[in-house]
Each structure stands twice: as C-alpha cells, then as structure tokens.
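Coordinates in review
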Amino acid sequence: MTQAAPHQRDLAGESWDPGQYLKFADHRLRPALDLMGRIPLERPPAIYDLGCGSGNVTRILADRWPAADVAGVDNSPEMLAQAAAAPSRIRWQEGDLAGWRPDRAPSILYSNAVIQWLPDHHQLIPRLWAMLPPGGCLAVQAPLSWDLASHRIMRATLRHGGPDGQAIGSPELRAAVANRWVQDPDFYYDLLAPAAAHLDVWTTEYQHALTGDNPVLEWVTGTGLRPILNALDDADRALYLAEYRRRLNEQYPKRPDGVTLYPFRRLFFVAIRQ
Ligand SMILES: C[S@@+](CC[C@H](N)C(=O)[O-])C[C@H]1O[C@@H](n2cnc3c(N)ncnc32)[C@H](O)[C@@H]1O
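Our subject in this report is the structure included herewith. (Residues numbered from 1 in each chain as written. Predicted model: local features only at pLDDT ≥ 70, side-chain atom pairs only at ≥ 80, totals over all residues. Heavy atoms only, no water.)

What follows covers the overall build of the chain. Looking only at helices and strands, one finds twelve helices and seven strands in the chain. For the chain, whose C-alpha radius of gyration is 19 Å, the value lies close to the compact-globule estimate of 19 Å for 274 residues. Each principal axis of the C-alpha distribution contributes one length, and for the chain these read about 60 × 40 × 35 Å. A burial count over the chain gives 52% of its 274 residues as buried. Intrachain contacts of the chain at a sequence separation of at least 6 include 76% that bridge at least 24 residues. As displayed, the chain has an accessible area near 12,300 Å², and 51% of this comes from carbon and sulfur atoms. Here the chain contributes 28 positively and 31 negatively charged side chains, and the mean placements of these two sets differ by 3 Å. (Helix = DSSP H or I, 4+ residues; strand = E, 2+ residues; numbered from the N terminus. Rg over C-alpha atoms; globule rule 2.2 N^0.38 Å. Buried < 20%, exposed > 50% of the residue type's maximum accessible area, 1.4 Å probe, protein only. Contact = heavy atoms within 4.5 Å. Areas by Shrake-Rupley, 256 points an atom, 1.4 Å probe, with all protein chains shown as cover. Lys, Arg positive; Asp, Glu negative; His and termini not counted. Charge placed at Lys NZ, Arg CZ, Asp CG, Glu CD.)

This is the structure in structure tokens:
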C-alpha cells in the first residue's frame, strides 16, 4: 500500500471538478443565500466574492447590488474558466486567498464555503478584516464538518478501514486530513468583536434530503473527499471507497420514500467594521 503524500495545493482545494461540485447546486446555494440575506449594506461600491468557484453565487451578488463593481477571486483555473464562460459584468481574478490583496477598497468581502480549505484562521480572518474600511463588511460561511458523521467516518476509514482493520494510505495522508481548520463560533466572535460595529455569528444545521444511490458519498466526492481520493493509488482508492461507501450507507440509510437525510451544520458570520 504505497501512496503519495497529499500535495498541499490539493489539500487546499486545487483541481476542483466543477461538474461534481454542482451536482448539489440547490442544496449548496441555500447557505450562500442565507449569508447574503444578512448583509445590511444598501449601496456597496465594491464587492469581492472570495473563492467564487464557478461564479453562481457571484452572479447573484451582482444582481442583488447592480451598481456595485463585483469581482470573483479563485485559485482554480477550472472553476474560473466555467465562471467566465457565461458573459457578465463580473471581473474574474485568479488568486490564492492566502496572499491575495484587493485591487480597490472593498465594501464587502464575501466568502461562501471556502475558508475550510485555508489554514491558520487566526491570521487569515484578521488579515481580511483589516482590508475593510470603516463600514465595510466581512461575510463568511463555512461547513462545520469536523464532527459530522460523514467526516468522522472518512477519517476512521483511513485509520482502520483496510482488511483486518489495517490503515489505508500513508501516515502523511492521515496526518493531513486530521487537521481541523474551521473553528468553533466563539473563536471568530473573539477575533472580530473588538473592531466590529455590528457582529452576527450563528450556526444552522440543514437537513439535506438527498435522492439516488450513495448520495452522501456523491456529496463529499465533490468536496472533502477529494484530497483523500487524489492521494491514494488505484488499488487503495478502490479499497477505501468500497469500505467508506458501506459505512456511509449504514450511517445514512435510505428511507422508505427513497430519501437519504444528510444533516449538515454550517457556521456563518457577518461583521461590519467600526
Ligand atoms: C466549495 S467551492 C465554493 C465555491 C463558491 N464560493 C460557491 O459558493 O459556490 C470552494 C472554492 O474555493 C476555492 N479555493 C480553495 N482554496 C482557495 C484559495 N486558497 N484561494 C482561492 N480560492 C480557493 C476553490 O477553488 C473552489 O472554487
């Protein structure tokens, strides 16, 4: 069982497959809209969608604030190519949020389902926060997936999902996926509160009603499972997937009406700078 160690760029969200991610577009859109709905600015001149992906949400931001200059930033050329394929007034920019700087003063820094791919939030969040002028808004949503059964099983299957309870993959891979990057809500509250004129931090647990076979596996294949699948060789990937699928089906049984319920908790915060 030999595997490559996961490449940091891969763990950080490179090589996105827009098609796989967009399979659950409706479910994934709702938190983006819930976040947007809490932004209390009427006429923001400049909006950045950080980690804009294929641009679905960026286009809604541009529609909601038609007078704003709107830019979508992402480090995935595949996602940006898909975003730019539909004509719009949005400026698409390739950039890594780890070192990104805005090209004009932002009124809103909006980020939906992205910061879970970036480490060191004690540095990242204050850096983004400091880019805003007084009255500027930082609006962020991220999955609280660390404690979800699907993600606990994901890590456990690597640790002892092989034949006779053996580990699958390299120790480096297991160490890499054992990093918890999204913190509890009070962590973000404490970072932002000292300079906030308005601060709203909340969590929501959605009950996604999914259909089809192995829908939870399909869901995570578009996001959190990618670093694992990319780091395993063909034989171990097949072994891992068979065992992970079996455990997921036990945890998330299909109901008599054909629906699989997938409870999923998410963190939100909307902060306005003093
Ligand atoms: C789950 S998708 C979310 C896309 C979009 N925000 C949405 O709500 O549909 C995560 C996106 O974050 C991007 N991403 C991950 N790490 C990044 C980084 N360090 N810098 C910029 N973009 C990043 C990925 O390329 C991907 O497009």
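From this point, the discussion proceeds with the structure in view.
Before going further, it helps to examine the nonpolar core. Formed by 28 residues in total, the largest nonpolar core has its most connected members in Leu50, Trp100, Leu109, Ile125, Trp129, Leu138 and Phe269. Every element with two or more residues in this core is listed here: β1 (46-50), β2 (69-74), α6 (121-130), β5 (137-143), α9 (185-192) and β7 (260-273). Broken down by element, this core gets its largest block of residues, four residues, from α6. With residues near it in sequence (within four places) discarded, Phe269 still touches Leu35, Ile125, Leu138, Ala139, Val140, Tyr188, Leu192, Asp200, Val201 and Trp202. Formed by 25 residues, the second largest nonpolar core is a distinct cluster that contains Ala149, Leu210, Leu217 and Tyr262. (Core = buried A, V, L, I, M, F, W, Y, C linked by side-chain atoms within 4.5 Å.)

Summed over all chains, the structure comprises ten salt bridges. Put simply, Asp200 and Arg38 hold a salt bridge, and the shortest N to O gap is 3.3 Å. Placement of Asp200 in strand β6 (residues 196-210) and of Arg38 in the loop between α3 (25-36) and β1 is noted, with a sequence separation of 162 residues between them. Look at Arg38 and you get partly exposed, because its relative accessible area is 46%. For Glu243, the salt bridge identified is with Arg246, shortest N-O distance 2.8 Å. Here Arg246 and Glu243 lie together in helix α12 (residues 234-251), a separation of three residues that amounts to about one turn. Under the relative-accessibility criterion, Glu243 is labelled buried at 16%. (Salt bridge = Lys/Arg side-chain N within 4 Å of Asp/Glu carboxyl O.)

Take α3 next. For α3, which comprises twelve residues, the first-to-last C-alpha distance of 16 Å matches the rise-based estimate of 16 Å (1.5 Å per residue) to within 8%. Every buried residue belonging to α3 is among Arg28, Pro31, Ala32, Leu35 and Met36, and all of these are buried. For α3, the arc enclosing every buried residue in end-on projection is 145 degrees, short of the 170-degree limit, so these residues lie on one face. When the buried face of α3 is taken as reference, the exposed residues oriented beyond 90 degrees from it are Asp26 and Arg30. (Expected span 1.5 Å × (residues − 1). Arc of directions from axis to C-beta.)

All right, on to the state of the cysteines then. On inspection of all chains with the given rule, the structure shows zero disulfides. No disulfide involves Cys52; its sulfur sits 18 Å from that of Cys137, the nearest cysteine. (Disulfide = S-S within 2.5 Å.)

Now for the pairing of β7. Burial of β7 is extensive: ten of the 14 residues sit out of reach of the surface. Here β5 runs beside β7; their pairing, made up of seven bridges, is antiparallel. Counted as the bridge partner of Val140 is Phe269 from β7. Sheet topology note: the β6/β7 ladder contains 14 bridges and is antiparallel. The partner of Asp200 across the bridge, within β7, is Val270. (Pairing = 2+ DSSP bridges.)

Viewed as axis vectors pointing N to C, α6 and α9 meet at an angle of 45 degrees, and their least axial separation amounts to 10 Å. Regarding the angle of α6 to α9, the classification is oblique. By crossing handedness, the relation of α6 to α9 is classed as right-handed. Contacts between α6 and α9 involve His121, His122, Ile125, Pro126 and Trp129 from the former and Phe187, Tyr188, Leu191 and Leu192 from the latter. Split by residue class, the contact of α6 with α9 holds seven nonpolar, two polar and no charged. (Axes fitted to C-alpha atoms, helices over the stretch in contact; angles between N-to-C directions. Parallel < 35°, antiparallel > 145°, perpendicular 65-115°, else oblique. Left-handed = near helix turned anticlockwise from the far one by under 90°. Nonpolar A, V, L, I, M, F, W, Y, C, P; charged D, E, K, R; others polar.)

Nothing here speaks to function; it is all geometry.
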